[in-house]
Amino acid sequence: MDEVIQVTQWLSSITPRKKAKLFFFTTHADAPSPMVGSNDVDTHEETQLPLATTVALHNFKNIGEFLKKKVNTFSCYNVIENEITKTDYEYLRFYSACKYLDVVPPFLDLEKISAIQNKFEMTDEERDYRLLLDSADLVLEKVCDSLKPAGVSQMWTALRKDRNLIRGVKTIDIIGFFVDPNPTGIKECLFFFIVRFLQKADKINRVNTNRLERLIAQCDESSSCEEGKTIDFIIDSLRFYPTELYPFGFCLIMCVIEGRDGAMQEIEKTMEISRHLGMITHTEKNPTKETIELVKKELMKPKYQFYSSFTCWFMSHGDSNSMVLADGETIEREWFLTSFPDISTFQLKPKVFFMVSCRGANKFSLKGDEFEGQSATCDYYDIGSALIRNRMLDITDSVRDISYVQPMMDTLVAYSTILDHLSGRANTHGFIYVDRACVLMSENISRGRSLTEILEHLSQDLHGILQETMDEDRIVYKQACHYDSFFRKTLKLPYTRHPKEDVHSAPQ
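Under an unreviewed UniProt entry, the protein chain has the name Caspase and belongs to Penaeus japonicus.

The structure is reproduced here in structure tokens:
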């Protein structure tokens, strides 16, 4: 069959809603993101104009032409070995979006996709199409699905009132002030236009969504939300780090085995829980400084830009400032923690470090047979939020910026013990902290718990365990763990993932 006829038939089989979503997912690489360098970004008009004209004319012709052009480009594309191009990214994004929406063209060359994945050095696990979807876009899709056409129309009205933001933007004028979002697919086009416009204007990104939340907050709940949804529910969904679908993220496990009984148990437990959480995992036994540098270099490869989060477990002996490596050398804990968050492939994504080692030799020793705690109460005053707001600074958009980010932002560091203190181990099972952390994370999958909630529970659980030193003094002591957080959103544990299965039904 002639290829032109095939493309036409394929497009005619896609519903308007799915066309809008396919366009949205396919143009992800053109939005501000660490995914693609700024030199590869298309112009504002090329990504916004099809959406604007579709909303204004209630006609999907321009989106159809855009998708046709993509298909034709991919059909003529010759995969060049070694060099990763913008088209490589676009091809993978287009394929994953089609797969997600269940609209894969029967004529799409899957061998080219495999060849591109080879260029990215993807493992078998990483060839799952869900890895290639941008989790932030999936969250925005769900927000759109939760809103009625009237809700998106109200967002558009609120946006149009911000004259400083929209001044001189031609695509805004194409749509006009009053919009009828009721025809099938138009609501999606208008919502996705708003999202991409705010991204292009550097008003929102995958972490900073305040500007979008403010637009949604101005909607009338009774007319703007789909059944079972509320404004608060929709806004709350934007306040979590986007980690939709499989995999939940990449997990690096570094464990010094030499001179540490139970170290293999630590590896087994952390590998098991990371896989149970839906992470793709890599383990480094007996790491050295050279190993760490090689791992950092590996994590800078383009394929890691597709991951939604990064988790690192580091388990070894240590003291107040440093950790002992397999060859007896030490590294400064602070150097380790500040070098990894600066890796560009995980910018604007949650990075979690479990630093499991002693940080000194001190112990919180217990004396006597009974220990009684004291409690204190204090008075709370109910001050109306409106009154508080009226007395606070008015922070305008002109003094806000989301373009520059301090490297440690979106990072959480969990320590197995407090400074200058021991981190307890069991002879056969390794660090007790690792054991309890893995147990609690496993128990709380599918319960909607956030990572910080788990860590607070872990602190309570660990501090309630009586431990004993392994020397001849046999001192009984307690251990206190803690964490430092630079998070700007909440990181929720995922539901149980099945990497080899398609765990979702295709969107409508």
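**Q** Would you take a moment to explain the packing of aromatic side chains for this structure?
**A** Here a ring pair, both rings aromatic, is described through the centre-centre distance and the interplanar angle of the planes. All told, the structure shown has 29 aromatic pairs when counted by the stated rule. A ring pair is formed by Y304 and Y307, whose centres lie 5.7 Å apart and whose planes are at 20°; its orientation type is stacked. Ring centres 6.2 Å apart and planes at 65° place the aromatic pair F340 and F353 in the edge-to-face group. Taken together, the residues F340 in the loop between α18 (333-339) and β6 (351-356) and F353 in strand β6 connect sequence positions 13 residues apart. F353 carries the same exposure label as F340, and that label is buried. An aromatic cluster of at least three residues, connected via ring pairs, comprises F250, Y304, Y307, F310, F314, F336, F340, F346 and F353. R359 extends its terminal NZ or CZ atom over the ring of Y415, reaching a point 4.2 Å from the ring centre.

**Q** Would you mind showing me how to read the nonpolar core here?
**A** Nonpolar side chains in soluble globular proteins tend to be buried together. L22, F191, F336 and F340 are the most contacted members of the largest nonpolar core, which totals 102 residues. Per-element accounting of this core gives the leading share, 10 residues, to helix α12 (residues 186-200). Mapping this core onto the domain boundaries places at least three of its residues in each of domain 1 (3-29 + 43-239) and domain 2 (249-364 + 406-486). Setting aside residues up to four positions removed in sequence, F191 forms contacts with L140, V143, C144, L147, V152 and M155. The next biggest cluster of nonpolar side chains, apart from the first, holds 38 residues, and it includes W313, F354, F431 and M441.

**Q** Where do I start with the pattern of salt bridges in this structure?
**A** Pairing between side chains becomes possible if they bear opposite charge and their charged atoms approach one another. Per the counting criterion, the structure on display carries 24 salt bridges. Among the salt bridges present, the one from D88 reaches K119, with a minimum N-O distance of 2.5 Å. Placement of the pair is D88 in helix α5 (residues 86-101) and K119 in helix α6 (residues 110-119), with a sequence separation of 31 residues. A relative accessible area of 0% means that D88 is categorised as buried.

**Q** Honestly, the sheet that holds strand β1 (residues 249-255) in this entry has me stumped. Any pointers?
**A** Read across the sheet, six strands follow the order β2-β1-β3-β6-β8-β13 without closing on themselves; strand pairing throughout is mixed. The outermost strands of the open sheet, each flanked by one partner alone, are β2 (279-285) and β13 (482-485). Recorded for the sheet is a direction-independent mean angle of 15° between the axes of neighbouring strands. Bridge count between β6 and strand β8 (residues 411-415): five bridges; the pairing is parallel. Paired with F354 across the bridge in β8 is A414.

**Q** Just checking my understanding: could you explain empty space enclosed by the protein for this structure?
**A** Remark: the empty space left among the atoms is shown by a probe the size of a water molecule rolled over them. In total, this model carries five cavities of 30 Å³ or more according to the counting rule given. As a volume, the second largest cavity reaches approximately 110 Å³. Among the elements of the structure, α16 (263-276), β3 (310-315) and β6 are those that each provide at least two residues to the lining of the second largest cavity.

Conventions we followed
- Residues numbered from 1 in each chain as written.
- Predicted model: local features only at pLDDT ≥ 70, side-chain atom pairs only at ≥ 80, totals over all residues.
- Heavy atoms only, no water.
- Phe/Tyr/Trp six-rings, centres within 6.5 Å; stacked < 30°, edge-to-face > 60°.
- Helix = DSSP H or I, 4+ residues; strand = E, 2+ residues; numbered from the N terminus.
- Buried < 20%, exposed > 50% of the residue type's maximum accessible area, 1.4 Å probe, protein only.
- Lys NZ or Arg CZ within 6 Å of the ring centre and 35° of its normal.
- Core = buried A, V, L, I, M, F, W, Y, C linked by side-chain atoms within 4.5 Å.
- Domains from an automatic or database assignment.
- Contact = heavy atoms within 4.5 Å.
- Salt bridge = Lys/Arg side-chain N within 4 Å of Asp/Glu carboxyl O.
- Pairing = 2+ DSSP bridges.
- Axes fitted to C-alpha atoms, helices over the stretch in contact; angles between N-to-C directions.
- 1 Å grid on protein atoms, 1.4 Å probe; cavity = no way out; pocket = protein on both sides within 12 Å on 5 of 7 lines; lining within 4 Å.
- Points joined across faces, edges and corners; volume = space filled by probe spheres on them.

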